[in-house]
Amino acid sequence: MKSLIDILDFSVEEIDELIYLANDIIDNPKKYSEICKGKKLANLFFEPSTRTRLSFEAAMYELGGNVIGFSEAASSSVSKGESVADTTKVISCYADIIVIRHPKEGAAYVAANNTSVPVINAGDGGHCHPTQTLADLLTIYREKGRLKDLTIGFCGDLKYGRTVHSLINALTRYDNINMVFISPKELKVPNYIKKDLLENKDVSYEETTKLEEVIPKLDILYMTRIQKERFLNAEDYLRLKDSYVLTLEKLNGAKSDMSIMHPLPRVNEISVSVDKDSRACYFKQVLNGKYIRMALIIKLLKESMNFNFDFIGYVDPNTMVNIMKDNKRIRNLNTERHKRLTNLIKCNNPRCITSTEQELEHIFELRDKEDEIYRCIYCEAKGNR
Amino acid sequence: MKSLIDILDFSVEEIDELIYLANDIIDNPKKYSEICKGKKLANLFFEPSTRTRLSFEAAMYELGGNVIGFSEAASSSVSKGESVADTTKVISCYADIIVIRHPKEGAAYVAANNTSVPVINAGDGGHCHPTQTLADLLTIYREKGRLKDLTIGFCGDLKYGRTVHSLINALTRYDNINMVFISPKELKVPNYIKKDLLENKDVSYEETTKLEEVIPKLDILYMTRIQKERFLNAEDYLRLKDSYVLTLEKLNGAKSDMSIMHPLPRVNEISVSVDKDSRACYFKQVLNGKYIRMALIIKLLKESMNFNFDFIGYVDPNTMVNIMKDNKRIRNLNTERHKRLTNLIKCNNPRCITSTEQELEHIFELRDKEDEIYRCIYCEAKGNR
Amino acid sequence: MKSLIDILDFSVEEIDELIYLANDIIDNPKKYSEICKGKKLANLFFEPSTRTRLSFEAAMYELGGNVIGFSEAASSSVSKGESVADTTKVISCYADIIVIRHPKEGAAYVAANNTSVPVINAGDGGHCHPTQTLADLLTIYREKGRLKDLTIGFCGDLKYGRTVHSLINALTRYDNINMVFISPKELKVPNYIKKDLLENKDVSYEETTKLEEVIPKLDILYMTRIQKERFLNAEDYLRLKDSYVLTLEKLNGAKSDMSIMHPLPRVNEISVSVDKDSRACYFKQVLNGKYIRMALIIKLLKESMNFNFDFIGYVDPNTMVNIMKDNKRIRNLNTERHKRLTNLIKCNNPRCITSTEQELEHIFELRDKEDEIYRCIYCEAKGNR
């Protein structure tokens, strides 16, 4: 079974392969327009996310396939108390590949463990959203021609932003990435990310509260929403929010080829007047998101048992050779590299899928031998023996 | 007009035909993969039922057709007070075949009376759900190789379970079926089913409250959900519910080839540990449900005015001959076999479609001449002259 | 960019072209059945409208294309506060043509201004619903063979009915149209329509409260719903409503070929018994609505940048020549014919898109030089300098 639950399920080489394939799709859309004929993608959106859902729908249709599914839990059987495992088993009778969005952390992982068709995580609570990260990486590659030697600013809510954490994580694997974190002090990057991801891997970073001071050195500025609810104090919010709104004025000091990115939807953190500036890339990101999802669907279906390679006829054989020689690099999901404990530690995270799923074993992995740190395999929460 | 409102609309021979066709689809999916090209199925789900809806969607896509529709009443025009008759007339301008799920009993029948395209009942309140029964019959046939000479246990809520009543009804038409009813005394099979369906037709049955005692003799065990709301007394529920939960332990006494069935979704009445037992058939039922729906769509479109037989080119002519020679057996819906009274008796069932539909005539049929029993043609409720 | 926001965006010749094309589709559906292969239509329904949504879905599928979208705001990103402009920009990464239904007046216009793909207004609040009007015109043409020399009765709520106002507007451009307005005095056609549209253009009309008196002279009777909420007084409603319900009895005095139209859904303003009368056209209207939408999709895609004319192979070249010679007649949307003021007058209409859309300029046009009347370009509300 090949699935994408966490961006780190893919090696750097596999991500390269996806970016290569996405670029080929952009250049030669007709070559791929019937490749998934007769295949069905299931969109299981247990909570609404129009943009992501429609991106997958458009991707599958542009590959010649079909789409089934639901856009919110209210119109699904969840209201009857069915487990994610059962829903997945049922849906794999109907579809060749499953996309799942769920409010509980680890839900996509549970889905992948209960089906023989590939599963794509389209967001599991605050945990992972790997196809957004893939869209970001493709955008950086297409804008800059490389994924290394870059100075990248992250601006806004860096404490809670799932998108930002995932992109930081993915970028630590490339050479010579300098990160600049721009946020109010209440919304700084969490220490465990700075320590575990950056310092341990010798990734250079700096922190500031002032966008204007650092903007001149940035190759990329990644903006995010600042949500009012994050502040204890309404006055602090009002005082701070404008500092992190990107305007044409603030862009004056930036490089002429700096790329402005945003995962969308925005509320008001980028002024509409910036949209026409040639540096604005956030709508290109949307388009790239569709193309990288097309590449991902092809890759996962190619690996799965039930894709019968009918489509080879449609594809330039040379391209296929290039794509297929990477097959061996694809890791199986969930290779057990760590010692595991089953039902000895209970996960106490109320947002974890273990809190609701019927008869699901609580499994913890020993991640850090020295400090004896165990983490839940579904939601990454710490547990103590 | 050919439609499927009640499982008894089809003769035993027609059900055989569907099972034959479904088996051929399973063996030769490509033969059917373009058969409905250019056709559209409308899924009108006035209440949510993800599993059934997606089963029809997958079925239609695997036949090369398209799907339109809605998944709940809130996103339909129902909120504007439109009648089922009008909605059906409108939708038949858009689609070649209609699937309807509605909370009111008789709604699918009203739909079928207001359109020239075939209508499939996907559940009308607590009344009928014939495609679930077809899925059950196909599963029994594929697991056992026959639909006769079987001992079948039904376990759980046998009083309110629409699925169980419909399957009992369908099975009474086959030879040498022995039924074993396993339920708490509060949830026994209703007397009218035992008297009218079983005793009148000399079908042998027995009743018990103990699963373990009868499990050794069963060829098939059909499990159903026990809902807390069905009990007057919470203590009774707690005391009883575990007796009707199927575990590996309780399976110890069963035949090694007993088939375990369940209409799904389950809550906890079958332990997850049973899923891996080779006797578990409930996810195969889901798959069979898709295939029998494919067969049903083909059968009904074939009969309907607006299916132009373009597809013959795709199908092995020998198969088609076999399928088509059955045409003459297909009965028209609503053949009037009984004396009818129009607007002389009023239906008092609040769940009947007559309670909401604009200007709908109340029609009763004389079903039992001796006792002068009249029944509503929509919901089967008794009425008195 | 070619879009359809208001019925008056199209010239009389363009409407003729659409009617010609729709008739050709009705006569030769196979010629068009693959014309949109590989194209995607996005249905953005910010409020539910099943009939209109499914009409567009069916239309696109009958042209061989695909459909993505959402059927209500709750399952979209709107809940996250995204602007219509941003949503449109995102969706145009996924789709080749956009259909939008939105509760705010002017929303479709904002959408059209923010994308390079064609936009179709499927209803923006109480403002416009041009594809309903196109369906009405095609129905009149097919029933009567002409769009001139007609006596047309409008019956019911003529004060608030968007559908009626739009059809009146469209019909004023044809020769020798006589209008008969039949309504309770509380629900008469507004004075600005009578003065600006009818008297200024010398269109003859008369007003009455009695359907029976005028029905003998009508070529067409256009019925509409009377909503209880429109009356200050429940007694008035009860007293009046039956006068405007069409029954077989009231039809006795009508011409034998009078066409009865209704935009649907109806509640009870046309008795079900009228449905079988040969004069009833309201379900034909639904079918015509699908065909005119097919024509509209073809026309707009043909004009747009991203339609590559692949489909010419599927179409009789003679027909294409006929269709394409009309290209030059198509006006660009928003030709500035009037003096405009930007951000000098504020629109105070709470139903206008300017009340919610982020950073949207308030723009007013000078429509009447003598009286110095300015109107909001989004919702047509008057504004004062």
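In this text the structure is predicted, and so the values were computed from the model without any measurement.

Caption draft 1: Broad picture of the overall build of chain A. When helices and strands are tallied, chain A shows twelve helices and 13 strands. Contacts in chain A between residues at least 24 apart in sequence constitute 71% of all its contacts with a sequence separation of at least 6. By element, 47% of the accessible surface of chain A is carried by carbon and sulfur atoms, the whole surface being about 15400 Å².

Caption draft 2: Seen up close, unusual backbone geometry. With an omega of -5°, the peptide bond between Leu-264 of chain A and Pro-265 of chain A qualifies as cis. Positioned with a positive phi, Asp-202 of chain B is a non-glycine residue whose angle comes to about 55°. Relative to the helices and strands, Asp-202 of chain B resides in the loop between helix H7 (191-199) and strand S7 (204-208).

Caption draft 3: Region of interest: the interface of chain B and chain A. Each side of the interface is counted separately: chain B has 30 residues, and chain A has 25 residues. Buried area between chain B and chain A, both sides added, is near 2400 Å², and the carbon and sulfur share of it is 51%. Across the contact surface, chain B and chain A share five salt bridges. Arg-266 of chain B serves as the salt-bridge partner of Asp-86 of chain A, at 2.6 Å between the closest nitrogen and oxygen. Taken together, the connections running from chain B to chain A amount to ten residue pairs in polar contact (both at pLDDT 80 or more). Within the residue set of the side of chain B that touches chain A, elements represented by two or more residues are helix H2 (50-62) and helix H11 (282-303) of chain B. Sort the elements by how many residues they give to the side of chain B that touches chain A and H2 of chain B lands first, with nine residues.

Caption draft 4: Representation of the relation of the copies chain C and chain A. It takes a turn of 120° to lay chain C on chain A, together with a shift of 0.0 Å along the axis; the resulting RMSD is 0.0 Å. Considering both components of the superposition, the chain copies are consistent with a three-fold axis. Relative to the rotation axis, the closest C-alpha in chain C is found at Asn-66 of chain C, a distance of 5.2 Å. When you check the interface residues of chain C against chain A, a mere 4% turn up at the interface there too, and the two sides of the contact use different surfaces.

Caption draft 5: Layout of the interface of chain C and chain A. The interface of chain C with chain A comprises 23 residues on the first partner and 29 residues on the second. Around 2400 Å² of area is buried between chain C and chain A when both sides are counted, 51% of it from carbon and sulfur atoms. For the pair chain C and chain A, the interface holds five salt bridges. Elements with a minimum of two residues in the side of chain C that touches chain A: strand S2 (66-70) and helix H3 (84-91) of chain C. In terms of residue count, the dominant contributor to the side of chain C that touches chain A is S2 of chain C (five residues). Residue composition of the side of chain C that touches chain A, grouped by class: eight nonpolar, six polar and nine charged.

Caption draft 6: Just the relation of the copies chain B and chain A, in detail. The two copies are related by a screw motion: chain B maps onto chain A through a turn of 120° and a shift of 0.0 Å along the axis, at an RMSD of 0.0 Å. A distinct binding surface is used by each copy, with only 7% of the interface residues of chain B retained as interface residues in chain A.

Caption draft 7: Region of the structure containing the environment of Ile-168 of chain A. Residue and element names in this part refer to chain A. Note that Ile-168 resides in helix H6 (residues 162-171). Separated by 83 residues in the primary sequence, Ile-168 and Ala-85 place their C-alpha atoms 31 Å from one another. Discounting residues that sit within four places of it in the chain, Ile-168 has contacts with Phe-154, Met-179, Phe-181, Ile-193 and Leu-198.

Here is what the cut-offs are and how they apply
Residues numbered from 1 in each chain as written. Chains lettered and ligands numbered in written order. Predicted model: local features only at pLDDT ≥ 70, side-chain atom pairs only at ≥ 80, totals over all residues. Heavy atoms only, no water. Helix = DSSP H or I, 4+ residues; strand = E, 2+ residues; numbered from the N terminus. Contact = heavy atoms within 4.5 Å. Areas by Shrake-Rupley, 256 points an atom, 1.4 Å probe, with all protein chains shown as cover. Buried area = accessible area lost by both parts, 1.4 Å probe. Salt bridge = Lys/Arg side-chain N within 4 Å of Asp/Glu carboxyl O. Polar contact = N/O pair within 3.5 Å; in protein donor to acceptor, adjacent residues only side chain to side chain. Least-squares fit on C-alpha atoms with pLDDT ≥ 70 in both. Nonpolar A, V, L, I, M, F, W, Y, C, P; charged D, E, K, R; others polar.

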